[in-house]
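A structural walkthrough
Each chain, written out:
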Amino acid sequence: MPQEVFVFMHLCCPAVKDPMVVERSNLLSMMKLSIKVLIQSSLSLGRTLDSEYPPLQQFFVVLEHCLKHGLKVRKTFIGQNKSIWAPLELIEKLCPESADISTSVRDMPGIKTGLGRARAWLHLALMQKKIADYMKELINRRELLGEFYEPGALIMEEEGAVIVGMLVGLNVIDANLCVKGEDLDSQVGVIDFSMYLKDPQATETTQDDSKMTAILDQKHYIEELNRHLSCTVTDLQAKMDSLEKTNSKLIEELTAATDRINALREEQEQLKQENAHILQTSQRKEEVTLQDSQLELETYRQTRQGLDEMYSVVWKQYKEEKRIRQLQKELELQIGLKQEIEVAMKLLEKDTHEKQDTLVALRQQLDQVKNLNLQMFNKAQESDRVAQKKEEDMERLEKKMIQMEAAMKELEQRCQNCCCCSLFRAGLESELSTEKEQRQNLQRELHREQDNSAELRTQLQQLQGLQMELLDLRQEKKQLQQLCEEQEQALQEMGLHLSQQKYFKKIAVCNIVNFFYESNDEATRCKQCQKEFSISRRKHHCRNCGDIYCNSCSSNELALPSYPRPVRVCDICHSLLLQRSSIRS
């Protein structure tokens, strides 16, 4: 048996290098055989086929293998899935007639897998005799099949179109398949080649085959005619029913329309009567309204004259009030300027008072520094004197020590000379004891003097530190004196500025200033040299341009037309004004 199958496969499919091509040709030949055997057996049987018919079962197995050829493996959460149900579901979108099959397949309770649903769908499509139409729609849309099949799959190639053409012949078969009771999920799709291997002795004659085919063709032609006639009859019956329904509806609408027309005629007569009555009443009302309008016109003319007179009076009053308000606004502006000038004067006075207080405090600090300097100078002189005295005492003590050492040496010599004499021994011992006591006293005094000298040295070091502090204080004193001089100059300038401000205050009340000075808060650097302002480097306004400069950049004074005497101007304005005066002269 296996040798025969191998020979059969070898004859059906010639030697090809690509395995996908070999598989496609083998499946195509198997499909041809299965369809041929199924049609021949069904025609010889002469009755409707059921699901247990072996050639039909083998046909479904071969069709399933054809659909599975080149199918992509789809990964899911559970694992890898390779089912033909996904491409068959596309037919529902492409061909709306197949929606009933797919819905009935999904609603079947016994089927759980995609393969079982695909098998049930194929059974139902065969019973409807539309399996070829559905497969044709699927193959025509190969761009959608690329999602499910690989490029070399059977359905994606020309063999798929050939199989669809062969499936058209299955419309001859009448099948009545029971799908609900079968276990379609667990069926094993194995091709049985035994029924396709023919016995040469059991072959029928060609004449019988031709007769049978002619009879079957006639039978199918008659069935097709009957089917078309039944379809036309059902369509005509449906049209008749719809026409009867529409006729009854039209009759009802006619009766309702006649009733409505009668009612409208009655309403028209009533409206005519009402229209005549309304015309009479409207004419009466028009006459009354004409009389009223004439009276209103006369009253309107009278009131118009009175209103014109009132308007002229009110217009004059409005002009007077407008002039008064303009004057009040000008007065308010002048009062506001006056108040601003007074506030500025108060602020300047506060600044002067504060600066005077700072000057007093600085003078007090200078006096304290001077007193400290005097005290430190006196202490330094006293420490110098004490150091000199102690140095003299040290020299005296050293001389005494030298004398004592000489006396000790003489005494020792005397002792050596007088060792032999026992008479003088007692006297010498007494002298020696006295000399020792004196020596001990002298050593004590020496230690004391050494301690005093160490203290004096420390005091000398302290004095040197005090001298350094004295030098630093003198330098600070010089700096403070310079600051005091600069602040005195600034105060003098501020006094001049205040006197000028008091003078200009009287002028500003009468006249509005043509320009505004730059505010002191905004200016932090000199406009010309760009140096920062401080207590020593004061701010000064140029009376010509209004900008703020330091003392060195605005030290010039010139007579301006808006000031009675020469005032401070910056270097730039000074040079410009001089050029103008020279050009005029």
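Cut-offs and rules
In every chain, residue numbers begin from 1 and rise along the written sequence. Owing to the predicted nature of the model, reporting of local features is limited to residues with pLDDT of at least 70; listing and counting of side-chain atom pairs is limited to 80 or more, with chain, interface and lining totals taken over all residues. With hydrogens and water set aside, each side-chain value is computed from the structure's full complement of heavy atoms. Starting at the N terminus, helices and strands are each numbered in turn, a helix being any DSSP run of H or I of at least four residues and a strand any DSSP run of E of at least two. When a residue's accessible area, from a 1.4 Å probe over protein chains only, is under 20% of the maximum for its type it is buried; when over 50% it is exposed; and in between it is partly exposed. In this description, contact between two residues means that some pair of their heavy atoms is separated by no more than 4.5 Å. Each accessible area is a Shrake-Rupley result for a 1.4 Å probe, and residues are judged covered by the shown protein chains and nothing else. We call Phe, Tyr and Trp rings a pair once their centres come within 6.5 Å, taking the six-membered ring for Trp, and we label the pair stacked below 30 degrees between planes, edge-to-face above 60, and tilted otherwise. To define axes, lines are fitted to C-alpha atoms, for helices over the stretch in contact only, and angles between the resulting N-to-C directions are given on a 0 to 180 degree scale. Orientation labels follow simple angle bins: below 35 degrees gives roughly parallel, above 145 gives roughly antiparallel, 65 to 115 gives roughly perpendicular, and whatever is left gives oblique. Under the scheme applied here, ten amino acids are nonpolar (Ala, Val, Leu, Ile, Met, Phe, Trp, Tyr, Cys and Pro), four are charged (Asp, Glu, Lys and Arg), and all others, including Gly, are polar. In this description, one arc is meant: the one made by directions from the helix axis to the C-beta atoms. Note on patches: the residues involved have over 30% relative accessible area and no salt bridge, like charges join within 9 Å, and the nonpolar side chains Val, Leu, Ile, Met, Phe, Trp and Tyr join within 5 Å. Any Lys or Arg side-chain nitrogen located within 4 Å of an Asp or Glu carboxyl oxygen qualifies as a salt bridge. Here, two cysteine sulfur atoms that lie within 2.5 Å of each other are counted as a disulfide. The predictor attaches a confidence to each residue, called pLDDT, with possible values from 0 through 100. Take the buried residues of types Ala, Val, Leu, Ile, Met, Phe, Trp, Tyr and Cys, join any two whose side-chain atoms come within 4.5 Å, and each joined set is a nonpolar core. The term polar contact refers here to a pair of N or O atoms within 3.5 Å; inside protein, the definition further demands a hydrogen-donor-capable atom paired with an acceptor-capable atom, and it admits residues adjacent in sequence only when both atoms are side-chain atoms. For this count, His and the chain ends are skipped, Lys and Arg are scored as positive, and Asp and Glu as negative. Working definition for charges: the position is that of NZ of Lys, CZ of Arg, CG of Asp or CD of Glu. Definitions for this section: a left-handed crossing has its near helix turned counterclockwise from the far helix by less than a right angle. A right-handed crossing has that turn clockwise.

As named in an unreviewed UniProt entry, the chain is RUN and FYVE domain containing 1, taken from Cyprinus carpio.

Helix and strand counts for the chain come out as twelve helices and six strands. A burial count over the chain gives 25% of its 585 residues as buried. Residue pairs at least 24 apart in sequence account for 65% of intrachain contacts in the chain once pairs closer than 6 positions are excluded. Accessible area for the chain stands at about 42600 Å²; split by element, carbon and sulfur atoms hold 54% of it.

Per the counting criterion, the structure on display carries four aromatic pairs. Consider the rings of W121 and Y134, whose centres lie 5.7 Å apart with planes at 45°: the pair is tilted. A residue pair is termed long-range when its members are at least 10 positions apart, and W121 in helix α6 (residues 114–128) and Y134 in helix α7 (residues 131–140) qualify at 13 residues. Since its relative accessible area comes to 1%, Y134 is described here as buried. Ring pairing ties together the aromatic residues Y311, W315 and Y318, which thus form one cluster.

As a further point, take the packing of helix α2 (residues 19–45) against helix α9 (residues 158–167). Two numbers describe how α2 lies on α9: the axes approach to 11 Å, and their chain directions differ by 5°. Taken together, the axes of α2 and α9 are roughly parallel relative to one another. On the side of α2, the interface is formed by R24, L28, M31, K32 and I35, while α9 contributes E159, V162, I163, M166 and L167. A class-by-class count of the residues in the contact of α2 with α9 yields seven nonpolar, no polar and three charged.

Turning our attention to α9. Listing the buried residues of α9 in full gives E159, G160, I163, V164, M166 and L167. Seen end-on, α9 carries its buried residues on one side only, within an arc spanning 160°.

Another point: a nonpolar patch on the surface. A cluster of nonpolar side chains, Y311, W315 and Y318, forms an exposed patch at the surface whose accessible area comes to about 370 Å². Take Y318: it is sitting in helix α10 (residues 206–417). Residue Y318 is classed as partly exposed on the basis of its relative accessible area, which comes to 44%.

The next subject is helix α5 (residues 99–107). Within α5, the full set of buried residues consists of I101, S102 and V105. Across the axial projection of α5, the buried residues extend over an arc of 95°, all falling on one side. Those residues of α5 that are exposed and aimed more than 90 degrees away from the buried face are D100 and D107. Lining the buried residues of α5 we find α4 (85–94), α6 and α7.

Unusually for a residue other than glycine, K129 sits at a positive phi of about 60°. Looking at where K129 falls in the secondary structure, it is placed in the loop between α6 and α7. We classify K129 as partly exposed; its relative accessible area is 27%. Positioned with a positive phi, Q530 is a non-glycine residue whose angle comes to about 60°. In this structure, Q530 sits in the loop between α11 (425–510) and β3 (540–541).

With that settled, consider the state of the cysteines. Evaluated as defined, the whole model comprises zero disulfides. Here C542 stays free of any disulfide, with the sulfur of C545 as its closest cysteine sulfur at 3.6 Å. Looking at C542, the relative accessible area reads 0%, which means it is buried.

Here the focus is the pattern of salt bridges. Under the counting rule described, the total for this entry stands at ten salt bridges. With its nearest N and O atoms 2.9 Å apart, the salt bridge here joins E64 to R119. Here R119 lies in helix α6 and E64 lies in helix α3 (residues 54–68), a separation of 55 residues in the sequence. Residues D174 and K129 are paired through a salt bridge, measuring 2.6 Å at the closest nitrogen-oxygen approach. Remark: K129 occurs in the loop between α6 and α7 and D174 occurs in the loop between α9 and α10; sequence separation between them is 45 residues.

Attention now goes to the confidence of the model for the chain. Taken as a whole, the chain shows an average pLDDT of 78; of its residues, 83% reach a score of 70 or greater. Low pLDDT, under 50, characterises residues 199–205; the stretch is placed with one contact to residues that sit more than four places away or in other chains. The low-confidence segment residues 506–515, where pLDDT is below 50, has six contacts with residues more than four positions distant or belonging to other chains.

Now for the nonpolar core. With 61 residues, the main nonpolar core has M31, L56, F59, W121, Y149 and L167 as its most contacted residues. At the level of elements, α2, α3, α4, α5, α6, α7 and α9 are the ones that each hand at least two residues to this core. With near-sequence residues (within four places) excluded, L167 lies in contact with M31, I35, F59, A132 and M135. Listed in part, the 16 residues of the second largest apolar core include C526, L558, V569 and C573.

Along the chain, R568 turns up in strand β6 (residues 567–569). Polar side-chain contacts of R568 include one of 2.5 Å to the backbone oxygen of S554. When neighbours within four sequence positions are excluded, R568 is seen to be in contact with E493, H540, H541, C542, R543, N551, S554, S555, N556 and E557.

Looking now at a negative patch on the surface. On the surface, E391, E392, E395 and E398 cluster together to form a negatively charged patch. Mapped onto the elements, E398 comes out in helix α10. Residue E398 is classed as partly exposed on the basis of its relative accessible area of 47%.

Another aspect to go through is the packing of α5 against α6. Put simply, α5 and α6 touch, their axes get as near as 10 Å, and they point 140° apart. Comparing their axes, α6 and α5 come out oblique. Like other packed secondary-structure pairs, α5 and α6 cross with a definite hand, here right-handed. The residues of α6 that touch α5, namely those facing I101, S102, S104 and V105, are R117, A120, W121, L124, A125 and Q128. Across the contact of α5 with α6, the residue classes tally to six nonpolar, three polar and one charged.

The next point concerns the environment of Y549. Structurally, the position occupied by Y549 is in strand β4 (residues 548–549). For Y549, a relative accessible area of 3% puts it in the buried group. Discounting chain neighbours no more than four positions away, the residues touching Y549 are C526, K527, Q528, F533, R538, K539, H540, C542, S554, C570 and I572.

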